[in-house]
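In case you want the letters, here they are:
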Amino acid sequence: MNLQELATKINACVEDVDLVAARKYMEENKELLKDNKSLLKRNARELFDFLLNASESNSKPLSREEVAATNAINLYANRFDIRGLKIAVKNHSELLLREDITPYLNKDARILLEGMGAIQKSN
């Protein structure tokens, strides 16, 4: 497959919201696409940049259990259920030590967890 066909397929996948196929094409041809990002449309280019940043930072994605714990923390914070929040923090303290967890927390959870000292204060 030549470069033009690859870019056309990736752009079509992103437009059709078939992000799994787009990611597969991007990961298989990462080095080729680095030099030719201009052939990708805006959304495809942003997805490619995201994949590059994720692979360079070696951050692993959240597991199902971690996503469920994060959702529970967000729910407790929304309801201002401090008791439930403390229990969730106690049970999932290693999750809150990750540096990449704050984007997954809602604003209420960030404020409460910063106040509790469970996460670092954002600047």
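Residue numbers here run from 1 along each chain, matching the order of that chain's written sequence. Only residues with pLDDT of at least 70 are given local features in this predicted model, and only at 80 or more are side-chain atom pairs given and counted; all residues enter the totals for whole chains, interfaces and linings. As a rule here, side-chain values cover all heavy atoms of the structure and leave hydrogens and water aside.

Asks: Any details on unusual backbone geometry? Residues and values, ideally.
Replies: Here the phi dihedral of Val17 falls at roughly 55 degrees; this positive angle occurs in a residue that is not glycine. Of note, Val17 is situated in the loop between helix H1 (3-15) and helix H2 (19-28). For Phe80, which is not glycine, the phi dihedral falls at a positive 55 degrees. To qualify as a helix, a DSSP run of H or I must reach at least 4 residues; to qualify as a strand, a run of E must reach at least 2; elements of each kind are numbered from the N terminus. Mapping Phe80 onto the fold places it in the loop between helix H5 (64-79) and helix H6 (82-91).

Asks: Before we move on, can you summarise the environment of Arg79 with the specific residues and values?
Replies: If you trace the backbone, Arg79 turns up in helix H5. Accessibility here uses a 1.4 Å probe with only protein chains present; expressed as a share of the type maximum, an area under 20% marks a residue as buried, one over 50% as exposed, and anything in between as partly exposed. Of the residues examined, Arg79 reaches a relative accessible area of 61% and is grouped as exposed.

Asks: Tell me what's going on with H1, and back it up with residues and numbers.
Replies: What a helix is expected to span follows from its residue count: subtract one and scale by 1.5 Å. Taking 1.5 Å of rise per residue, 13 residues should cover 18 Å, and H1 covers 18 Å from first to last C-alpha, within 8% of that figure. Buried within H1 we find Leu6, Ala7, Ile10, Asn11, Cys13 and Val14. Buried residues of H1, viewed axially, fall in a sector of 160 degrees; they line one side. Counted as a polar contact is a pair of N or O atoms within 3.5 Å, where, for protein atoms, one must be capable of donating a hydrogen and the other of accepting one, and residues adjacent in sequence contribute only when both atoms are in side chains. For H1, the N-terminal cap is Asn2; the gap from its side-chain oxygen to the backbone nitrogen of Gln4 is 3.2 Å. Comment: arc refers to directions from the helix axis out to C-beta atoms.

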